[in-house]
Amino acid sequence: MAFMFKHMIGGQLKDLTGGLGEEKAEGGEKSEAAAKGMTHEEFEQYQQQLAEEKMERDTSFAQKKAERATVRTHFRNKYRLPKSELDETQIQAAADDVELPTELAQMIAEDNQEEEHKQSVLGQLTNIQNVDIDQLKEKAQSTIEDLKQSAEKCEVM
C-alpha cells in the first residue's frame, strides 16, 4: 500500500519541484570525482587517459581487422574468388600499413614452391601412378643413343 501511495503522489511531487532534479545531475559530476577520492583536475586527467587508452585499443583493433582482411584478400586472389568491398575498406581504414604476418608469408612461399614443382614436367610425372622416373630416364637415354647410331648410319647426312 505504501508503494501505491508513493507511486501516486511521488510523480506529482517531482512535477512540483521543477528544475531541482537537473541541479543534482550537475552536482553528480563533482560527487563522482569526490567519490573516487580525486580532485577535479585529477578526475579530468583520468578521463583523458581513459579516452587515450580507448583510442589505442580502437587503432589496434582496426589494425587486426585489416590484417585479417589482407589474409582473406590473399586467399581470394589465390583461389580466384570474388573480391569483397568490406575487406578493401578495412585495409584502407588502416592506412595501407598492413602486411601479411611473417608466418603466413613463409607458408605461402612454401606453397608456391610446391605448386611450381607440381606444375613442372617431372612434378606431373610423379603424380601419375605406377611410373618409375629412373626407368623413364633410361628409356629416354637409350632412345637418344639409338637415334645417334641411326644418324651415323644414314647416308644422306
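Thresholds applied
- As a convention, each chain's residues are numbered from 1 in the sequence order in which they are written.
- Two thresholds apply to this predicted model, a pLDDT of at least 70 for residue-level local features and 80 or more for giving and counting side-chain atom pairs, whereas whole-chain, interface and lining totals are computed over all residues.
- Excluded from the side-chain calculation are hydrogens and water; included are all heavy atoms of the structure.
- Each helix corresponds to a stretch of at least 4 residues labelled H or I by DSSP, and each strand to a stretch of at least 2 residues labelled E; elements are numbered beginning at the N terminus.
- For each residue, the accessible area found with a 1.4 Å probe, counting protein chains only, is set against the maximum for its type, and the residue is called buried under 20%, exposed over 50%, and partly exposed in between.
- Whether two residues are in contact is decided by their heavy atoms, any of which lying within 4.5 Å being enough.
- Here the accessible surface of atoms and residues is derived via Shrake-Rupley with a 1.4 Å probe, and residues count as covered only by protein chains that are part of the display.
- Salt bridge criterion: a side-chain nitrogen from Lys or Arg within 4 Å of a carboxyl oxygen from Asp or Glu.
- The quantity known as pLDDT measures the predictor's confidence residue by residue, on a range of 0 to 100.

A. Spotlight on the overall build of the chain. If you tally the helices and strands in the chain, you get seven helices and zero strands. Along the chain direction, N to C, the helices and strands of the chain fall in the order α-α-α-α-α-α-α. In the chain, buried positions account for 9% of the 157 residues. Counted over contacts in the chain with a minimum sequence separation of 6, partners at least 24 positions apart contribute 46%. Looking at the chain as shown, the accessible area adds up to about 14000 Å², and 54% of this sits on carbon and sulfur atoms.

B. A look at the pattern of salt bridges. Counted by the stated rule, this structure contains four salt bridges. A salt bridge links Lys54 to Asp58; the shortest N-O distance between them is 3.2 Å. On the criterion of helical spacing, the pair formed by Lys54 and Asp58 is a turn pair, its members being four residues apart in helix H3 (residues 40–78). One salt bridge connects Lys78 with Asp111, and the closest N-O pair in it is separated by 3.7 Å. Taken as a pair, Lys78 in helix H3 and Asp111 in helix H5 (residues 102–119) lie far apart in primary sequence, 33 residues in all. On the basis of relative accessible area, Asp111 is assigned to the partly exposed category, the value being 31%.

C. Examining the environment of Lys78 more closely. The exposure class assigned to Lys78 is partly exposed, which follows from its relative accessible area of 23%. The contact partners of Lys78, leaving out residues within four places of it in the chain, are Asp111 and Glu115.

D. Geometry of the confidence of the model for the chain. Overall, the predicted model of the chain reaches an average pLDDT of 77, with 71% of residues at or above 70. For the chain, the element scoring lowest by mean pLDDT is helix H2 (residues 20–35), at 56; H3 scores highest, at 90. For the stretch residues 22–28, pLDDT sits under 50, and the model shows zero contacts to residues farther than four places along the chain or on other chains.

E. View of unusual backbone geometry. Its identity as a non-glycine residue notwithstanding, Arg80 has a phi of 55 degrees, on the positive side. Here Arg80 is to be found in the loop between H3 and helix H4 (85–93). Given the relative accessible area of 75%, Arg80 is considered exposed.

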